Amino acid sequence: MKFGPIPVAEAQGAVLAHATAAGDRRYRKGHVLGADDVAALQAAGLGEVVVAALEPGDLGEDEAATAIAAAMRHRHVEVKPAATGRVNLHAGSAGVFTVDAALIDAINAVDPSITVATLARHATVEAGQMVATVKIIPFAVAGELVRKVVDLCAGREIFAVNPFVARRVGVIQTVLPSVKASVLDKTARVTEQRLARSGSRMTAERRTPHEAGAVAEAAKVLARDHDLLVIFGASALADFDDVIPAAIRAAGGSVTRSGMPVDPGNLLVLGHIGETAVLGAPGCARSPKENGFDWVLDRLIAGLEITAADISGMGVGGLLMEIPSRPQPREAPAVPVPPKVHAVLLAAGRSSRMGGPNKLLALFQGKPLVRRTAERVLASKAEAAVVVTGHQAARIREALAGLGLPVAHNPDFASGLAGSLKAGVAALPEEAAGALIVLGDMPEVLPGDLDRLIEAFERAGARVVVRATHGGKRGNPVILPRALFAAVAHLEGDTGARHLIESEGVDVVDVEIGAGAAVDVDTPEALRTAGGVLQD
């Protein structure tokens, strides 16, 4: 196959590499150009197009994918028609997926243009679920490469869905004085739910003392007319001769394996009494969450043999999600640490609409506005704060004397808000999960308002933008999550947090704090209305 630009006059029979418009016509990527198409492209003034041109012996993407899928041997798998170089294969029934990984690897090693992807081996699947896909990456592939793949597939089953077979399951639960009846009842319900996915049923349950002899007697009786026995011990397996493995042997059976390299699920026991498989369930099987017990149970119900070697090979991928309700979790739960929010107080502006005086030095009840705002920030739940200075930096620092606030100076304050945001966020420590951006000229924002924003940020897991609103309209302050700190470093000019919120696609939580979110003092009239007195 040749790929690249060619004159439109020579493009008949070629495959368009990109969507292309010709007047009011629009051709999709992958369209095979005919004589009428070439004429339309020429009439629209196009001199050349980027195409894939098949050479002798090439197969188009759909033809190649279809040929490869047709050569595959599989069971209980449905093959869908090819489209855009892809053939999808779906489970014909619910069951357990098995795959020849070596054969898949061999196919994928033939050429990068031919790919096969599947689910993991022994994945539990539902009827109709996609289990594999054949994808041809370019628009065409050499026929000899397809023949190599077809030859590899000859005589070998590449994958299969092993259907679940509804089984009759007997359950034994051992009892100790410390075990509540409600726990046993819940275990029975969870087991019934677990079996329902395969159409199997719990047809008998016995509750016995936690003694090998009592368990063995119950197991011998249930094994006669059940396909599978599941034994839940009141006490976890502590030794390979503990109650459950000892009971299997005492009932005339054999133990295939005690213990498995899957967590949760380490304490599983697998054995047989006659033809009936016996599972000693680990404690985590009392929970509906996936654990090693599910891996073995589903394979047995699908009719797959499980050996000791099979279980010993489950370690890679065997570290599953923890089940917090386990009596012995693998690690003690960590005490949650609230995310730390650091405030950035912006006090670098020139107050250009004031006609000269610096609005941040205006007095509110005898106190400079910037100091009053800083004190409110310090009274909030913010972990710490930094003030960004610029215009009249010395006077701002003097107004904040004694508060102990670190200063980040923005020498480029005249260029706009972006420089101050960058300076403030860059000054925050690594521990800062969020930056509370507080404008120095908002006299009605109270410590309680800031606390509500911080609490909303904590509830959202420190992953969202939190924005103050008034009457549903956006305002200030805002909290930016650490995920946006890198984007702040690229802001320019008079661009602020609003641009980040709109461009970065981060979720936003709005918090109504009242009129304070909308009151700023950009003009002398606004400042006087808010109760401020300008100073020269």
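Residues numbered from 1 in each chain as written. Predicted model: local features only at pLDDT ≥ 70, side-chain atom pairs only at ≥ 80, totals over all residues. Heavy atoms only, no water.

Draft legend 1. Quick peek at the layout of surface pockets. Estimates place the volume of the largest pocket at around 1,100 Å³. The wall of the largest pocket is formed by 36 residues, among which Leu-417, Leu-439, Asp-441, Asp-494 and Asp-522 lie closest to the centre. Residue assignment for the lining of the largest pocket shows that the elements contributing at least two residues are strand 22 (340-347), helix 12 (417-426), strand 27 (432-439), strand 29 (473-481) and helix 15 (497-503). Its residues assigned to classes, the lining of the largest pocket shows 16 nonpolar, 10 polar and 10 charged. (1 Å grid on protein atoms, 1.4 Å probe; cavity = no way out; pocket = protein on both sides within 12 Å on 5 of 7 lines; lining within 4 Å. Points joined across faces, edges and corners; volume = space filled by probe spheres on them. Helix = DSSP H or I, 4+ residues; strand = E, 2+ residues; numbered from the N terminus. Nonpolar A, V, L, I, M, F, W, Y, C, P; charged D, E, K, R; others polar.)

Draft legend 2. Highlighting the packing of aromatic side chains. Summed over all chains, the structure comprises two aromatic pairs. When the ring of Phe-232 is compared with that of Phe-293, the centres are 6.4 Å apart and the planes differ by 50 degrees; the resulting orientation is tilted. On the criterion of sequence distance, the pair formed by Phe-232 in strand 18 (residues 228-232) and Phe-293 in helix 8 (residues 292-301) is long-range, its members being 61 residues apart. A relative accessible area of 1% means that Phe-232 is categorised as buried. The exposure class of Phe-293 is buried, given its relative accessible area of 2%. (Phe/Tyr/Trp six-rings, centres within 6.5 Å; stacked < 30°, edge-to-face > 60°. Buried < 20%, exposed > 50% of the residue type's maximum accessible area, 1.4 Å probe, protein only.)

Draft legend 3. How the structure looks around helix 7 (residues 243-250). Listed in full, the buried residues belonging to helix 7 are Val-243, Ile-244, Pro-245, Ala-247 and Ile-248. The secondary structure elements touched by the buried residues of helix 7 are helix 6 (212-223), strand 18, strand 19 (254-258), strand 20 (269-273) and strand 21 (276-281). Backbone geometry just downstream of helix 7 places Gly-252 in the positive-phi region, at approximately 90 degrees. (Contact = heavy atoms within 4.5 Å.)

Draft legend 4. Quick look at helix 10 (residues 369-378). With eight of its 10 residues buried, helix 10 lies for the most part within the structure. Three or more residues of helix 10 are buried, namely Leu-369, Val-370, Arg-371, Arg-372, Thr-373, Ala-374, Arg-376 and Val-377.

Draft legend 5. Broad picture of the sheet that holds strand 10 (residues 95-99). In space, the four strands of this open sheet follow the order 7-15-10-12, with mixed pairing throughout. Each end of this open sheet is capped by a strand with a single partner; those strands are strand 7 (73-75) and strand 12 (124-125). (Pairing = 2+ DSSP bridges.)

Draft legend 6. Examining the pattern of salt bridges more closely. Following the criterion strictly, the structure yields 19 salt bridges and no others. One salt bridge in this structure joins Arg-194 and Asp-294, with 2.6 Å as the shortest N-O distance. Here Asp-294 lies in helix 8 and Arg-194 lies in helix 5 (residues 181-196), a separation of 100 residues in the sequence. The same class applies to Arg-194 and to Asp-294, which are both buried. Between Arg-467 and Asp-510 there is a salt bridge, with its nearest N and O atoms 2.9 Å apart. Taken together, the positions of Arg-467 in strand 28 (residues 465-470) and Asp-510 in strand 30 (residues 508-512) put the pair 43 residues apart, joining distant regions of the chain. Residue classification places Arg-467 among the buried positions, given a relative accessible area of 15%. (Salt bridge = Lys/Arg side-chain N within 4 Å of Asp/Glu carboxyl O.)

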